[in-house]
Amino acid sequence: MPRNSSTGAYVAPASSFNPAQPVTAIASADWNSLLSDIEAALSATAATTRALNPTAGQVQDDAFSWCGTAGGTADVLTLTPTPAITAYATGGRFAFLTGASANTTAPTISVSGLGAKTLKRRDGSTVTGGDLPAASLIEIRYDGTDFRLTSITPSAIGGGSTSTTTAASFALTASSNRVQSVTLTADAQSVTLPDATTISAGGPSYIVTNAGTRTFGVRANGGSLLTALPAGATCDLALVSNATAAGSWSVGGTGLSPALVIGDFTLASTLTAAVQVAVRLTDTLSLHFAQNGSSHPFVVAVDHSTSPATIGTPVLIVASGVVVAHAFRISGTKAMVVVDGTSSNVYNVTVSGTTCTVSTAATAAVFDFATFTGGPFIAALGANSDTFVAIDITGTTIRAQAVDCSGANPSAGSSVNISALGSGTPGLSGVFRVTDTTAVAFYVDDTGSAGTPFSIRAVDLSLSGTTITENTRAGLNDVISSTGTNGPPVCQHAAGLYTLGYYQASGTLLRAVGVTVSGTTVTFGTPTTVETASIGNQDIGQFNASRFQPNMFPLDATRALFTYGFPSGSTPSRHVVLTNTAGAITAGTPLYSLWQDADGGNFPQEPTGFLSVQEQSTSSRISNVTISGSTLTVTGTALPPGVSFGESNTQRFGLSGGIRAIRQNYQNGPSINAPSMWNAFRLTQGAGPRYLGAFDLPNFNGSQIPVEVAPSRAAFTSSTLSQTGSATALIKVAIVEFAA
């Protein structure tokens, strides 16, 4: 009996001596037959051993999964491995070559005649026509129900490639090819990813390349910007979660930008000067300002609900050589605008679509002191935040005035004198809303002993229509030297609770005090010493600060971040957290050395931390500071190689959506038509700053002040660059959207 080729077992044939019998002669024929059978079995040993015990060569050859060229048709495939399999097993793997034709629909595969099984992509989605190109090497595995592709072919990334040239944004679907080469012939366009719930998380990636010259965005389903692709950039997007239609995507690639310009407008040539004021009416509507050759101010509305954004026609505010000093939102279609010249006037601007209408003026002389980036010298009162109270200094007198903007045209009340200083210059710290009809003003005057040192004071102001009544006053007498027009920094935690910092005139004490307002009563708490240091009032009132980056910043309902230092540039900045408990101040431990005032500053803060910048000779250091309770900790720094950032507080900005950005310096000044280059970061809790990349505004001269017009959007207004690098009589407005 020959050897069993399946089991390898050998059984000798039965004969006259098998089984053996005692005292029995062996027949010669039986003996010869046994020898022949053993010879046959031994001859079959090599083949049987190869089948049952594969050699290293057979394993390396993948001989048992290799099926050669598939039989059947392009859509009904048959595979014949050697040896044949007797049943499908989960995880079973096979490799084969396709025939002369690509598939036209979802194919089936039968192995060793065991029955057809559907072939699917590796993520379980349906295979479509062309997924199995002709004469291609394909690898598959059995998942217990169907076969799935594993080979690196167009199928392995979920589809083939597509080249698209278009002037308009377009959306991908779950059946779109995963490799997209895109040329957009218009600006501010985007490619939108599919509804994430229609594809598998962890499945195929989308690879998008900008094959054109215009930057475009890639957006999640629903519109959130994920990244922007300048010319030549490529992004790789992998779906992390498909719990929502927008999904959660991992974004990588080369040459990517964190921002997309969704509106880039050049205003009429009659407008020759940019005005660094803007106001956000809604997340998709904003107002911007410019002047003509006669310095007459104009207002224009920009609608950025779509990309690209749309702009209205500039409208004259007043035919007079005045400056737009401030603008406040009243509603989604209305703003209050302050213009300042020989006297100050207040206007209402209403918007319908992108058409602006300007009211008649209300003369409001006190409103001349406030600037767009300066201290909080105007407060919005009223149930609809449409009545405004301002404070100013004229000579040695501090005044207050109210303007009612609730109607079609504003109306102004008479100014009232809050205080006067016999000698020296009084100072203003700010005015804040307490209720719909009351405000509190902080200032410096000569209450107490005549002359220096001076006093820090506050007064409660009641409003009836536009008539202001002064109520109780309180303060600290004879505590500081003259500060100029900027008084000690103060912030509001909540209506009726305030924290103020100052430098004691006698001695070397930096101090803070809590202030409460209840009804019409103002109460100053007991001052707390923050530290002993030789500083000076100027260094805590104006130290690299603006309205967007104040030196006394409210972190929450009780805590404030206080920034102070020296104007000489030789001593580093200092930061401390102050906690105000019903007017009683406690100070944390100061943090030193983030920057010096001549070459650094903070980005806008947030309750959990902030970023700061220290300019260096050829590069700049960005520090990430985490705030926990009253403790400040530098949790990481970044040193972008060869990049120097602007130190001015007008060259740094932040958005409520979390973006922080800073303008990049040109060591030898702007080159001809050099772009305004910005670098974007995000604060990262407990780690270093997260660098998002650079973006530019071509042909902007770089002097613009960015203004938030939505949580993830900023507006830039600037003059353009000429061929010699100087500004021409062309004004540009750009709306920039940042990736989520």
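Remember, it's a predicted structure, so these values are computed and weren't measured experimentally.

Procedures and definitions
Residues numbered from 1 in each chain as written. Predicted model: local features only at pLDDT ≥ 70, side-chain atom pairs only at ≥ 80, totals over all residues. Heavy atoms only, no water. Patch = residues over 30% accessible without salt bridge, like charges linked within 9 Å, V, L, I, M, F, W, Y side chains within 5 Å. Areas by Shrake-Rupley, 256 points an atom, 1.4 Å probe, with all protein chains shown as cover. Salt bridge = Lys/Arg side-chain N within 4 Å of Asp/Glu carboxyl O. Helix = DSSP H or I, 4+ residues; strand = E, 2+ residues; numbered from the N terminus. Phe/Tyr/Trp six-rings, centres within 6.5 Å; stacked < 30°, edge-to-face > 60°. Buried < 20%, exposed > 50% of the residue type's maximum accessible area, 1.4 Å probe, protein only. Pairing = 2+ DSSP bridges.

Student: What should I look at first to understand a nonpolar patch on the surface in this one?
Tutor: Side chains of Ile26, Trp31 and Leu35 sit close together on the surface and give an oily, nonpolar patch of about 290 Å² of accessible area. Considering the arrangement of structural elements, one finds Ile26 in the segment before helix 1 (28–43).

Student: In this structure, what is going on with the packing of aromatic side chains? I would like to understand it.
Tutor: Ring pairs (aromatic) are described by centroid distance and by the angle formed between their planes. Following the criterion strictly, the structure yields 17 aromatic pairs and no others. Measuring from centroid to centroid gives 5.2 Å for Phe562 and Tyr564, while their planes differ by 45°, and the two rings are tilted. Seen in terms of ring centroids, Trp678 and Phe716 are 5.5 Å apart; in terms of plane orientation they differ by 65°. Their pairing is edge-to-face. A residue pair is termed long-range when its members are at least 10 positions apart, and Trp678 in strand 54 (residues 676–682) and Phe716 in strand 57 (residues 713–721) qualify at 38 residues. The same class applies to Trp678 and to Phe716, which are both buried. Among the aromatic side chains, those forming a connected cluster through ring pairs are Phe653, Trp678, Phe695, Phe716 and Phe738.

Student: Would you mind showing me how to read the sheet that holds strand 6 (residues 116–120) here?
Tutor: The strands that make up a sheet pair up through hydrogen bonds in the backbone, lying either parallel or antiparallel. Here we have eight strands laid out as an open sheet, ordered 1-4-7-8-6-5-3-2, and mixed in their pairing. Across the chains shown, the open sheet's two edge strands, defined by having one partner strand only, are strand 1 (66–69) and strand 2 (71–72). Judged from the two bridges that link them, strand 6 and strand 8 (residues 147–149) form a sheet pairing that is parallel. By the bridge assignment, Leu119 is partnered in strand 8 with Phe147.

Student: Got a minute to help me understand unusual backbone geometry in this structure?
Tutor: Peptide bonds are mostly trans, and most non-glycine residues show a negative phi. Along the chain, Thr82 connects to Pro83 via a cis peptide bond; the corresponding omega equals -5°. The residue Pro83 is located in the loop between strand 3 (76–79) and strand 4 (93–97) in this model. Cis geometry marks the peptide bond from Thr452 to Pro453; its omega dihedral reads 0°. By secondary structure assignment, the location of Pro453 is in the loop between strand 35 (438–445) and strand 36 (454–464). With phi around 55°, Ala135 is a residue other than glycine that occupies positive phi space.

Geometry only, nothing functional implied.
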